[in-house]
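# Secondary and tertiary structure notes
Here's the letter readout for the chains.
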Amino acid sequence: MTTSTPTAPSAQSTPADPRPARRRFRWRDYGRPRELVVRYLLLLFVLAITVGPLLWQFLTSLKGTTEDVFGANATLLPQEPTLRAYQQVFDQVPVATYIRNSMIVVVLSLVSQLLFSTLAGYMLSKPAWRGRKAVWVLLIASMMFPFEAIMVSLFLSMRDLGLVDSLAGVWLPGFVGAINVLIMRAAFLAVPREIEDSAMLDGAGEWQRFRLLYLPSAFGAMSVVAINTFIAAWDDFLWPLIVLRSEENFTLTLGLARLQTSSFGYDQRVVMAGSVISLIPVLVLFAITQRWFYKGVASGAVKF
């Protein structure tokens, strides 16, 4: 009779931990400690230069009348924060009218810039056609002249067209920009030629290829054009100052500049409050579209 020796119970396999393993911090993943410290110090320095003035401007607008803005007794943080300066801005100047006029100019500029820069960039991205080099040279040459060099001729043209002291006269010189055409051309050049050839073999026409193939791939570049156009049209001061005469046609930047005149007492807190009001739409737009903006900047570099 044979006896069987008892076998040891088999070890049960433990289930795998579903949680991802925690990655250990290693200096070599980020560079040497000294280089890392220098890198962050440079970033903080750049942040202080760019954001510092905006922060000081906002904090100054919250100060009361008894607090100093400049001088030895001035402090960065307001001792008694108040919105009095913002209330005075709306009481002294018609801010709603200025915002309406600026929005009209911005909307007209966005429509014309996006429409014509996209169409022009698409045509310049196509293979050689007669006159393409001449148009390219004219675009590059137009970027070499500063606005001040053509300012007088632009004003004379607006006067001959009867557009002085009108919002159309503010908008028309910014109808389309050469740099936006080049940005859109670079975005369309990034589309592989083989994809367009395949679409042509499938029977897609020129308009179908432009609408269904090229436009979706250039959405990031279009967001860059839109943000640049919005900022340029919203913050423009010199050209509205030249072409506008009536207060009911003033844009926001031009109208808020009146707060710096002696007729309004030239309160530095009120001036800062007006600047913050004009800055809010730009910050809101950038916060909403920053993802597409960075994507367009990364993929839409100008190619020659």
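Residues numbered from 1 in each chain as written. Predicted model: local features only at pLDDT ≥ 70, side-chain atom pairs only at ≥ 80, totals over all residues. Heavy atoms only, no water.

Here we take up the overall build of the chain. Helix and strand counts for the chain stand at 13 helices and zero strands. The order of α-helices and β-strands along the chain, N terminus first, is α-α-α-α-α-α-α-α-α-α-α-α-α. Taking the intrachain contacts of the chain between residues at least 6 apart in sequence as the baseline, contacts between residues at least 24 apart amount to 72%. With the model as given, the accessible surface of the chain reaches about 19,700 Å², and the carbon-plus-sulfur share is 66%. (Helix = DSSP H or I, 4+ residues; strand = E, 2+ residues; numbered from the N terminus. Contact = heavy atoms within 4.5 Å. Areas by Shrake-Rupley, 256 points an atom, 1.4 Å probe, with all protein chains shown as cover.)

The N-to-C vectors of helix α3 (residues 95-125) and helix α7 (residues 178-189) enclose an angle of 50°; their axes lie 7 Å apart at closest approach. Taken together, the axes of α3 and α7 are oblique relative to one another. Helix-helix and strand crossings are classified by hand; for α3 and α7 the assignment is right-handed. Of the residues in α7, those in contact with Q113, S117, T118, A120, G121, Y122, L124 and S125 of α3 are N180, V181, M184, R185, F188 and L189. The class makeup of the residues in the contact of α3 with α7 is seven nonpolar, six polar and one charged. (Axes fitted to C-alpha atoms, helices over the stretch in contact; angles between N-to-C directions. Parallel < 35°, antiparallel > 145°, perpendicular 65-115°, else oblique. Left-handed = near helix turned anticlockwise from the far one by under 90°. Nonpolar A, V, L, I, M, F, W, Y, C, P; charged D, E, K, R; others polar.)

Core analysis: the largest hydrophobic core is formed by 33 residues, its most contacted members being V89, V93, W239 and L259. Secondary structure elements with two or more residues in this core: α2 (84-92), α3, α5 (147-160), α6 (167-171), α10 (219-235), α11 (238-243), α12 (252-256) and α13 (268-299). For this core, the element with the most residues is α13, which contributes six residues. When neighbours within four sequence positions are excluded, V89 is seen to be in contact with V95, L256, L259, V270, A273, G274 and I277. Counting residues in hydrophobic clusters, the runner-up holds 13 residues, among them Y122, F210, Y214 and A218. (Core = buried A, V, L, I, M, F, W, Y, C linked by side-chain atoms within 4.5 Å. Buried < 20%, exposed > 50% of the residue type's maximum accessible area, 1.4 Å probe, protein only.)

Geometry of a packed helix pair, given as the angle between the helix axes and the separation of the axes. For the pair α3 and helix α9 (residues 206-217), the least separation of the axes is 12 Å and the interaxial angle reads 105°. Classified by the angle between their axes, α3 and α9 sit roughly perpendicular to one another. Seen from α3, the contacting residues are T118, L119 and Y122; seen from α9, they are E206, F210, Y214 and L215. Of the residues in the contact of α3 with α9, the class split is five nonpolar, one polar and one charged.

Checked against the element boundaries, L212 lands in helix α9. Relative accessible area serves as the criterion here: at 56%, L212 is assigned to the exposed category. C-alpha separation for the pair L212 and A199, spaced 13 residues apart in sequence, amounts to 9.9 Å.

Turning our attention to the side chain of R209. On the secondary structure map, R209 appears in helix α9. Beyond its immediate stretch of four places on either side in the chain, R209 contacts E196, A199, M200, A204 and Y214.

In this section: the confidence of the model for the chain. Across the chain, the average pLDDT comes to 81, with 84% of residues at or above 70. Per-element confidence in the chain is highest for α6, whose mean pLDDT is 93, and lowest for α13, whose mean pLDDT is 78. Under a pLDDT of 50 for its full length, residues 300-304 has, in the predicted model, 13 contacts with residues more than four places off or in other chains. (pLDDT = per-residue confidence, 0-100.)

What follows deals with unusual backbone geometry. Look at D165: it is not a glycine, yet its phi comes out positive at around 60°. Topologically, D165 is positioned in the loop between α5 and α6.

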